[in-house]
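Structural overview
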Amino acid sequence: MSKVTIDRRSLLRLGAGAVAATTAMKATISSAQAKVVLKATDVHPLGYPTVEAVVRMGKKLEEATKGRISIQMYPSMQLGGEKEMIEQAQLGALQIARISVGPMGPLVPEFNVFNLPFVFRDVAHMEKVIDGPIGSELLDKLTKHPTAGLVGLCYMNAGVRNVYNSKKPITKVEDLKGLKIRMMGNPLFVDTMNSLGGNGVAMGFDQLINAMQTGVVDGAENNEPSYESGQHYRYAKFYSKTGHLMIPEILVFSKRTFDGMSKDDQELILKTAKEAQLEQRKLWYEREQESLKKMLEAGVVVNEVTDREAFQAAVKPVWEKHGAAHKALIDRIAAVN
Ligand code: BDP
């Protein structure tokens, strides 16, 4: 991004007339600003709902600015896993990172409330929360965070996370005993799996295929589209509907870049991101169905888990450890209907 900056000392040297001229020049440059190509990234491949929604957001930005602002998408972990994506966004090396709320907990502790197992009654409840004031407040918390270096743009759907593994179907809590299950990088998730009797192993999504291939883990947990598009079914064919987590996605923008943009451009980005949130939702529901179909065609053994209360009881210690500090927020979420 080319931006003209002139320091105070040179301004003093230039004198008042020159200052006026410089200001005028700056205004001209910013209105005829050089093209801004926003680098966006996602762990998922092209065509995945989150990726597609951001690609479409890019087209809207291009249209609205007559090609001045566009998005260059780097899908499929081309710029690293989520940890690397966050770091690069903080540095301004990339602008848009579509990540899970999962790894955001350690950064903005309130996000861990969304990460608590069984915190949402169902998907409709989760959508109401992220679309409503609580969702906005948390995005705001991220944006105003003094050191996070990120602007929270919007949320996206990510369905329900279910456990999958290479050994057997999970129908009751005891079935998890002894299984090594990859969890996202946030202590809350390792605690969740451990409290269910499994062995939670934290690692990046980018390392998971390899870890399953080599038997470092027996499986992982995720929604159908991630499991299917990541081809995890090749290594873990038992997909059990434990539904223990329902974690929304989040689109974050590099604060470094954002702060250097005009107010109008900032607003345009926020507006198109909000539209992307709803557009992704439609794509998400279609993709969930498609993924399930593909999974069954690939011979995946899918089973329902009816013993939900036992799972909920087992994760109580996680709520005590990670939820105690956020009781008011948890109560507000429970009251949303
Ligand atoms: C997927 C999310 C992705 C996460 C991944 C994971 O879309 O952002 O990186 O789970 O498990 O559902 O790490």
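Let's talk about the overall build of the chain
Helix and strand counts for the chain stand at 13 helices and eleven strands. Taken over C-alpha atoms, the radius of gyration comes to 22 Å for the chain, in line with the 20 Å a tight globule of 337 residues would show. Projected onto its principal axes, the C-alpha coordinates of the chain cover approximately 80 × 45 × 35 Å. Residues counted as buried form 52% of the 337 residues belonging to the chain. For the chain, restricting intrachain contacts to residue pairs at least 6 apart in sequence, the fraction spanning at least 24 positions comes to 75%. Looking at the chain as shown, the accessible area adds up to about 15200 Å², and 55% of this sits on carbon and sulfur atoms. Across the chain, the 43 positively charged side chains and the 38 negatively charged ones have centroids separated by 5 Å.

Re the layout of surface pockets
Rolled over the atoms, a probe sized like a water molecule indicates the empty space that remains. Within this model, the largest pocket holds a volume of roughly 530 Å³. If you go around the largest pocket, you meet 31 residues; those closest to its centre are Glu82, Lys83, Pro103, Met184 and Gly185. Put simply, the parts of the chain that give the lining of the largest pocket at least two residues each are helix 3 (82-91), strand 3 (96-100) and helix 7 (205-213). Each residue belonging to the lining of the largest pocket can be placed in one class, and the counts come to 13 nonpolar, nine polar and nine charged. Shared between two domains, the lining of the largest pocket takes at least three residues from each, and those domains are domain 1 (8-158 + 248-287) and domain 2 (161-246 + 289-335). Quantified by volume, the second largest pocket comes out at close to 370 Å³. In this structure, the second largest pocket is lined by 24 residues; those nearest its centre are Val123, Val160, Asn162, Gly243 and Met246. Breaking the lining of the second largest pocket down by element, the ones donating at least two residues are strand 9 (238-245), helix 10 (263-297) and helix 11 (308-314). It is helix 10 that provides the largest number of residues to the lining of the second largest pocket, a total of five residues. Looking at side-chain class alone, the lining of the second largest pocket contains eleven nonpolar, six polar and seven charged residues. When residues of the lining of the second largest pocket are assigned to domains, at least three fall in each of domain 1 (8-158 + 248-287) and domain 2 (161-246 + 289-335).

Observations regarding the domain arrangement of the chain
Domain boundaries in the chain define domain 1 (8-158 + 248-287) and domain 2 (161-246 + 289-335). Each of domain 1 and domain 2 has a C-alpha centre, and the two are 28 Å apart. Taken together, the contact pairs 38 residues of domain 1 with 35 residues of domain 2. Across the domain 1 to domain 2 interface the summed buried area is about 3000 Å²; carbon plus sulfur atoms make up 66%. Together, Pro117, Phe118 and Arg287 form the three largest contributors to the area buried by domain 1 at its contact with domain 2, with a combined 26%. For arginine 332, the salt bridge is made with glutamate 137, and the minimal N-O distance between the two is 2.9 Å. Our count for the domain 1 to domain 2 interface comes out at 17 residue pairs in polar contact (both at pLDDT 80 or more). Among the secondary structure elements, those contributing two or more residues to the side of domain 1 that touches domain 2 are helix 4 (123-131), helix 5 (133-144) and helix 10. The residue inventory of the side of domain 1 that touches domain 2, partitioned by class, reads 23 nonpolar, eight polar and seven charged.

Remarks on unusual backbone geometry
One non-glycine residue, serine 76, adopts positive backbone phi at about 55°. Relative to the elements of secondary structure, serine 76 occurs in the loop between strand 2 (69-74) and helix 3. Exposure remark for serine 76: the relative accessible area of 37% places this residue in the partly exposed category. In this model, methionine 77 sits at a positive phi of 60°, which is unusual for a non-glycine residue.

Notes on the packing of aromatic side chains
Taken as a whole, this structure holds nine aromatic pairs when the rule is applied. Between the aromatic rings of tyrosine 227 and tyrosine 239, the centroid separation amounts to 4.8 Å while the plane-to-plane angle is 40°, which identifies the pairing as tilted. Placement of tyrosine 227 in helix 8 (residues 224-229) and of tyrosine 239 in strand 9 is noted, with a sequence separation of twelve residues between them. For the pair shown, tyrosine 227 and tyrosine 239 are each scored as buried. Put simply, the rings of Phe111, Phe114, Phe120 and Tyr155 touch in pairs and so form one group of aromatic residues. Positioned above the aromatic ring of tyrosine 74, the side-chain terminus of lysine 39 is 5.5 Å from the ring centre.

Re the site of the ligand
Residues in close proximity to the ligand total 13 residues, the closest being His44, Glu82, Arg182, Asn222 and Glu249. Between the ligand and glutamate 82, the relevant distance is 2.4 Å, taken from an oxygen atom to a side-chain nitrogen or oxygen of the residue. For the ligand, an oxygen atom lies 3.1 Å from a polar atom in the side chain of asparagine 223. Alone, the ligand offers 320 Å² of accessible surface; in the complex the protein occludes 99% of this. In this structure the site holding the ligand corresponds to the largest pocket. For the shell around the ligand, a count of residues per class yields three nonpolar, five polar and five charged. Per-domain counts for the shell around the ligand show at least three residues from each of domain 1 (8-158 + 248-287) and domain 2 (161-246 + 289-335).

Cut-offs and rules
- Residues numbered from 1 in each chain as written.
- Predicted model: local features only at pLDDT ≥ 70, side-chain atom pairs only at ≥ 80, totals over all residues.
- Heavy atoms only, no water.
- Helix = DSSP H or I, 4+ residues; strand = E, 2+ residues; numbered from the N terminus.
- Rg over C-alpha atoms; globule rule 2.2 N^0.38 Å.
- Buried < 20%, exposed > 50% of the residue type's maximum accessible area, 1.4 Å probe, protein only.
- Contact = heavy atoms within 4.5 Å.
- Areas by Shrake-Rupley, 256 points an atom, 1.4 Å probe, with all protein chains shown as cover.
- Lys, Arg positive; Asp, Glu negative; His and termini not counted.
- Charge placed at Lys NZ, Arg CZ, Asp CG, Glu CD.
- 1 Å grid on protein atoms, 1.4 Å probe; cavity = no way out; pocket = protein on both sides within 12 Å on 5 of 7 lines; lining within 4 Å.
- Points joined across faces, edges and corners; volume = space filled by probe spheres on them.
- Nonpolar A, V, L, I, M, F, W, Y, C, P; charged D, E, K, R; others polar.
- Domains from an automatic or database assignment.
- Buried area = accessible area lost by both parts, 1.4 Å probe.
- Salt bridge = Lys/Arg side-chain N within 4 Å of Asp/Glu carboxyl O.
- Polar contact = N/O pair within 3.5 Å; in protein donor to acceptor, adjacent residues only side chain to side chain.
- Phe/Tyr/Trp six-rings, centres within 6.5 Å; stacked < 30°, edge-to-face > 60°.
- Lys NZ or Arg CZ within 6 Å of the ring centre and 35° of its normal.
- Near = heavy atom within 4 Å.
- Sits in = over half its atoms within 2 Å of the grid points.

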